[in-house]
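# Summary of the model geometry
Read off the chains here:
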Amino acid sequence: MKIAVFGTRKYDQDSLRAANEKQGGFAAFTFIDALLDSRTAILAADHEAVCLFVNDICDKPVLEQLSALGVKFIALRCAGFNNVDLKAAAELDIKVARVPSYSPEAVAEFCVGMMMTVVRKYHKAYARVREGNFLLDGLLGFNLNGKTIGIIGTGKIGLLTGRILSKGFNANVIAFDPYPSPSAGEYGITYVDKLEDLLKVADIISLHCPLMESTKYIICDDSIAKMKKGVVLINTSRGGLIDTYALIRALKTGHISAVGLDVYERESSYFFADSSTKVIHDDTFARLLSFYNVFMTGHQAFLTEEALTNIADTTITNLRDLEETGTCACVISEQPK
């Protein structure tokens with residue numbers, strides 16, 4: 001099978017080649033640096049499948065181009081699928097598969113690390129000491145022990161994050177999810193009935209829900225107004241869960257005291273690339289980065305050896321099964337609302 005792999009970096013290439021070799025070498029890859037969109041879709045010509053990541057654009061116009069080029073399968077090397085028009089894919093008889101669980105531990109551990117960084121200011125301390133400044137002024141934090149931490153979304157990542165916080169830090173972990181997990185109690189998590197019940201009492205809020213119509217801008221002016229003054233917000237899920245303009249307003253008033261972000265709603269123009277010698281033309285992004293109490297990373301929560309191996313293995317299995325049977329265990333249908 002000939003597969004056009006968009007938006008690739010060296011770690012993608014290495015892990016996919018290793019997984020392909022383990023599974024008999026059935027795939028022939030074309031690695032493409034550019035992201036998939038209406039301008040780059042032509043690069044998939046003469047390929048049976050395309051392999052995509054979180055910032056590739058796979059809307060109806062792009063899918064129509066891919067279908068005309070003979071593409072039959074789309075393999076997402078991620079769990080989220082908000083960037084694919086699944087209805088259009090079904091109409092064009094293009095099968096879409098994802099990696100539903102590659103290493104939830106990787107993201108959960110990173111999330112807690114980001115939480116600790118924001119609260120205890122590791123990044124600021126590191127920068128100071130490198131310059132010979134050993135003053136502690138401005139580095140005051142607070143204990144996670146005994147604090148109320150709200151988890152929005154309790155899939156595997158949310159559950160694992162809750163377990164680390166409840167059992168490792170003795171925090172009071174509460175959660176909201178319209179589809180509660182029956183095993184949440186084993187992870188030390190207690191559900192609340194309504195989202196606003198969580199917003200009103202949480203000292204820290206961590207987002208772990210998928211991006212869908214029902215969750216887009218779940219953090220907005222209205223929801224922020226219901227939060228405790230001085231709340232800490234963490235997002236390692238999807239950028240579109242937060243209305244960035246509302247976030248900036250809350251940071252300016254001090255209603256939100258600190259933020260840790262591994263994602264941004266318009267990240268595709270900057271993330272997974274070196275923009276250190278370029279001007280950031282997104283004024284909203286630039287303003288967000290200017291806050292002293294905003295800590296941001298470039299969508300790296302997933303990036304561990306174990307996760308890359310699992311992503312590659314599942315992706316190759318999905319493509320092999322799709323070619324041999326027309327379906328696979330990880331095939332997805334139209335996205336729920």
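What counts and how
Residue indices begin from 1 for each chain and proceed along its sequence in written order. Side-chain atom pairs in this predicted model are given and counted only at pLDDT of 80 or more, local residue features only at pLDDT of at least 70, and totals for whole chains, interfaces and linings cover all residues. With hydrogens and water stripped out, all remaining heavy atoms of the structure feed into the side-chain values. Counting from the N terminus, the helices are the DSSP runs of H or I reaching at least four residues and the strands are the DSSP runs of E reaching at least two. We call two residues in contact when some of their heavy atoms are within 4.5 Å. UniProt positions are given in the numbering used here, feature names are shortened, and annotations may be inferred rather than shown by experiment. Note on pairing: two strands pair once DSSP finds at least 2 bridges between them. Note on method: axes are straight lines fitted to C-alpha atoms, helices fitted across the in-contact stretch only, with angles between N-to-C directions ranging 0 to 180 degrees. Note on exposure labels: buried denotes an accessible area under 20% of the residue type's maximum, exposed denotes more than 50%, and partly exposed covers the range between, all computed with a 1.4 Å probe on protein chains only. The definition of a right-handed crossover adopted here requires that, viewed with the strands pointing away, the path from the first strand over the helix to the second runs clockwise. Put simply, buried Ala, Val, Leu, Ile, Met, Phe, Trp, Tyr and Cys residues joined by side-chain atoms within 4.5 Å make one nonpolar core. Grid points spaced at 1 Å over the protein atoms alone were grouped into cavities, where a 1.4 Å probe fits but cannot get out, and pockets, open sets with protein on both sides within 12 Å along at least five of seven lines, with lining residues defined by an atom within 4 Å of a point. Grid points are joined across faces, edges and corners, and a volume is the space filled by probe spheres set on the points. Residues are sorted three ways: Asp, Glu, Lys and Arg are charged, Ala, Val, Leu, Ile, Met, Phe, Trp, Tyr, Cys and Pro are nonpolar, and all the rest, Gly among them, are polar. We count a salt bridge whenever a side-chain nitrogen from Lys or Arg sits within 4 Å of a carboxyl oxygen from Asp or Glu.

### Section: the environment of arginine 9
Within the secondary structure, arginine 9 is located in the loop between strand E1 (2–5) and helix H1 (10–22). Between the alpha carbons of arginine 9 and isoleucine 32 there is a distance of 8.8 Å; along the sequence they are 23 residues apart. Setting aside chain neighbours within four positions, we find arginine 9 in contact with Asp33, Phe272 and Ala273.

### Thoughts on the UniProt feature "domain: D-isomer specific 2-hydroxyacid dehydrogenase catalytic" (unreviewed entry) in the chain
Mapped onto this numbering, the UniProt entry gives "domain: D-isomer specific 2-hydroxyacid dehydrogenase catalytic" (unreviewed entry) at residues 5–329. For the annotated span residues 5–329, helix accounts for 37% and strand for 14% of the residues, and the straight-line distance between the end C-alpha atoms is 21 Å.

### Topic: the sheet that holds strand E2 (residues 28–31)
Overall, parallel pairing links the 5 strands, which are arranged E2-E1-E3-E4-E5 in an open sheet. In the strand order of this sheet, the two ends are held by E2 and strand E5 (95–97), each with one partner. Strand after strand, the sheet turns through a mean of 20 degrees between neighbouring axes, direction not considered. Pairing between E1 and E2: 4 bridges, direction parallel. Paired with lysine 2 across the two strands is alanine 28, which belongs to E2. Packed onto the sheet, H1 meets E1 and E2 and runs at close to 175 degrees relative to E2.

### With respect to the pairing of strand E3 (residues 49–52)
Side chains Ala49 and Cys51 of E3 all project onto a buried face; the interleaved residues Val50 and Leu52 project onto the opposite face, where all are buried too. Bridge count between E1 and E3: 3 bridges; the pairing is parallel. Looking at E3, one finds that isoleucine 3 is bridged to alanine 49. In this structure, E3 lies alongside strand E4 (residues 73–76), joined through 4 bridges in parallel fashion. Paired with valine 50 across the strands is isoleucine 74, a residue of E4. Handedness of the crossover joining E3 and E4 through helix H2 (residues 60–68): right-handed.

### Quick notes on the nonpolar core
Counting 61 residues, the largest nonpolar core has Val50, Leu66, Ile74, Leu76 and Leu165 as its most contacted members. For this core, the leading source of residues is helix H4 (residues 104–120), giving 11 residues. Apart from the residues within four sequence positions on either side, valine 50 is in contact with Ile3, Ala4, Phe6, Ala44, Leu66, Val71, Phe73, Ile74 and Ala75.

### Some words on empty space enclosed by the protein
Under the counting rule described, the total for this entry stands at 3 cavities of 30 Å³ or more. Put simply, the largest cavity is a space of about 90 Å³. If you go around the largest cavity, the residues you meet are Phe6, Gly7, Arg9, Tyr11, Asp12, Leu35, Phe53, Val54, Asn55, Asp56, Arg77 and Phe272. In terms of residue class, the lining of the largest cavity is built from 6 nonpolar, 2 polar and 4 charged. When its volume is computed, the second largest cavity comes out at roughly 50 Å³. Every residue along the wall of the second largest cavity is listed here: Asp12, Ser15, Leu16, Phe53, Arg77, Leu308, Ile311 and Ala312. Tallied by class, residues from the lining of the second largest cavity come to 5 nonpolar, 1 polar and 2 charged.

### What to know about the sheet that holds strand E9 (residues 204–207)
Within the open sheet, the 7 strands sit side by side as E8-E7-E6-E9-E10-E11-E12. Their pairing is parallel. Both edges of this open sheet fall to strand E8 (189–191) and strand E12 (294–296), since each of them pairs with a single strand only. Between one strand axis and the next, the sheet turns by 20 degrees as a mean value, whatever way the strands run. Strand direction decides the pairing type here: strand E7 (residues 172–176) and E8, joined by 3 bridges, are parallel. Each residue of the ladder has a partner; that of valine 173, found in E8, is isoleucine 189. Helix-sheet contacts for helix H6 (residues 156–169) involve strand E6 (148–152), E7 and E8, and the interaxial angle to E6 is about 170 degrees. Sitting on the sheet, helix H9 (residues 244–253) is in contact with strand E10 (231–235), strand E11 (256–261) and E12, with an inclination near 140 degrees to E11.

### Points about the pattern of salt bridges
Summed over all chains, the structure comprises 10 salt bridges. A salt bridge links lysine 226 to glutamate 196, with the shortest nitrogen-to-oxygen separation between them at 4.0 Å. Here glutamate 196 lies in helix H7 (residues 195–201) and lysine 226 lies in the loop between helix H8 (221–225) and E10, a separation of 30 residues in the sequence.

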